[in-house]
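Summary of the model geometry
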Amino acid sequence: MSSGPEAGAGGWCVEIFLAGLDDDGALAVFEAALEDPAGASAVSRLRDGTAGGWTLRAVSGARPDEDALGIRLAVAAAAAGREAPPVSIAPLPATDWVAEVQRDTKPIRAGRFFVRGTHVTRRPPRRTVEIVLDAGRAFGTGSHESTRGCLLALDRGRAPAAGAILDLGTGSGILAIAAAKLWHRPVLAADIDPVSVATARENAALNGVSGLIETRRSRGFSNPRLRGRAPFGLILANILAEPLIRLAPGIARNLHDDGRAILSGLLDEQEAAVAGGYEALGLAVRGRHRIDGWTTLVVGPG
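Residues numbered from 1 in each chain as written. Predicted model: local features only at pLDDT ≥ 70, side-chain atom pairs only at ≥ 80, totals over all residues. Heavy atoms only, no water.

1. Focus on the pattern of salt bridges
Under the criterion given, the structure shown has 12 salt bridges. Three or more residues joined by partner-sharing salt bridges are found here, namely E214, R216, R225 and R229. (Salt bridge = Lys/Arg side-chain N within 4 Å of Asp/Glu carboxyl O.)

In structure tokens, the structure reads:
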């Protein structure tokens, strides 16, 4: 990976070039990969007609974790059936890039949920659950199809009859906040990335649910606090197909007998592989939401 000088007063720009790739779903996988470890406020697509491909560009306030970014891109590349692309990381001039992006970021409606950034002053529609986000350096603005699929699954689901709620890979904390505000129940929000943990904590305070959301840093279920709160009545996991399959034994083991898990971050064509991994552990598909090539699954004990 290449990088610019350490100084990045105006933030950082991460770019990858995908030659000969015209599949929208595969492009979206790489966009999601850039959003998370790069801490991007947004990812833009730039068509390069001369070179025959796409440049994906992400802007973030802090320098990305190159190791985490490399792993995420490797997973995306494997899902797309191609080699991981080279990455360029360079500092930006002192411009408020977040504000530039925010001007073009509109509120999102998903079922009863109305998600807006802190820069949007529009009043929420009546009978909606408002979520206000300052995504900052963490994934989860509500605009991605996988996040909207999870919000729809929450909107159409039921509160867990027993057990706590876990948001695994919380990112900005959007799903933890949605569950807390919808059902007024405690939620444990965990992420491997300390920036995401801090951002989720800040967004919980912004939405007035700090008393309901507990944040923890954890790789999967490694944090003792997660194991101590198990079994969970609801587990939210909006990540990618490969990590979902890898985490299947842990999710199945820590799910309440009457619980549900909402799984997202997978393309439609990856549904069978993910569902199969959970079905092998005794969890059946109870529902699904498909949005523009992305699938969200609801699974629970058979």
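2. Focus on the packing of helix 8 (residues 241-253) against helix 9 (residues 271-279)
As a packed pair, helix 8 and helix 9 sit with axes 9 Å apart at the nearest point and diverge in direction by 10°. Of the possible angle classes, the one that applies to helix 8 and helix 9 is roughly parallel. Seen from helix 8, the contacting residues are A241, L244, I245, L247, A248 and I251; seen from helix 9, they are A273, V274, G277 and Y278. (Axes fitted to C-alpha atoms, helices over the stretch in contact; angles between N-to-C directions. Helix = DSSP H or I, 4+ residues; strand = E, 2+ residues; numbered from the N terminus. Parallel < 35°, antiparallel > 145°, perpendicular 65-115°, else oblique. Contact = heavy atoms within 4.5 Å.)

3. Some thoughts on the packing of helix 4 (residues 145-156) against helix 5 (residues 174-183)
One can describe the packing of helix 4 onto helix 5 by two numbers: an axis separation of 11 Å at closest approach and a directional angle of 20°. Classed by the angle they form, the pair helix 4 and helix 5 counts as roughly parallel. In the crossing of helix 4 with helix 5, the sense of the turn from one axis to the other is right-handed. Between helix 4 and helix 5, the residues in contact are T147, C150, L151 and L154 and I174, L175, A178, A179, L182 and W183, respectively. The class makeup of the residues in the contact of helix 4 with helix 5 is 9 nonpolar, 1 polar and no charged. (Left-handed = near helix turned anticlockwise from the far one by under 90°. Nonpolar A, V, L, I, M, F, W, Y, C, P; charged D, E, K, R; others polar.)

4. Regarding the pairing of strand 13 (residues 255-267)
Two strands pair when backbone bridges link them, and strand 12 (residues 232-238) and strand 13 are joined in this way by 6 bridges, in the parallel orientation. Across the sheet, F232 pairs through a bridge with L255, a residue of strand 13. Summarising the sheet, strand 13 and strand 15 (residues 294-301) pair through 5 bridges and their orientation is antiparallel. Residue pairing for strand 15: I262 is matched across the bridge by V298. (Pairing = 2+ DSSP bridges.)

5. With respect to helix 1 (residues 24-35)
For an α-helix, 3.6 residues make a turn, and residues three or four places apart therefore share a direction. An ideal rise of 1.5 Å per residue puts 16 Å on 12 residues; helix 1 measures up with 16 Å between its terminal C-alpha atoms. The element helix 1 is extensively covered by neighbouring structure, given that 11 of its 12 residues are classed as buried. For helix 1, the complete set of buried residues consists of G25, A26, L27, A28, V29, F30, E31, A32, A33, L34 and E35. (Expected span 1.5 Å × (residues − 1). Buried < 20%, exposed > 50% of the residue type's maximum accessible area, 1.4 Å probe, protein only.)

6. Considerations on the sheet that holds strand 6 (residues 108-110)
In space, the 3 strands of this open sheet follow the order 6-7-8, with mixed pairing throughout. Looking at strand neighbours, the two that pair on one side only are strand 6 and strand 8 (129-133), the edges of this open sheet. Shown here is a sheet whose adjacent strand axes are inclined to one another by a mean of 20°, direction ignored. Looking at chain direction, strand 6 and strand 7 (residues 113-117) are connected through 3 bridges and run antiparallel. Bridge pairing links R109 to F114 in strand 7. Contacts from helix 5 reach strand 7 and strand 8, with the element oriented near 150° to strand 8.

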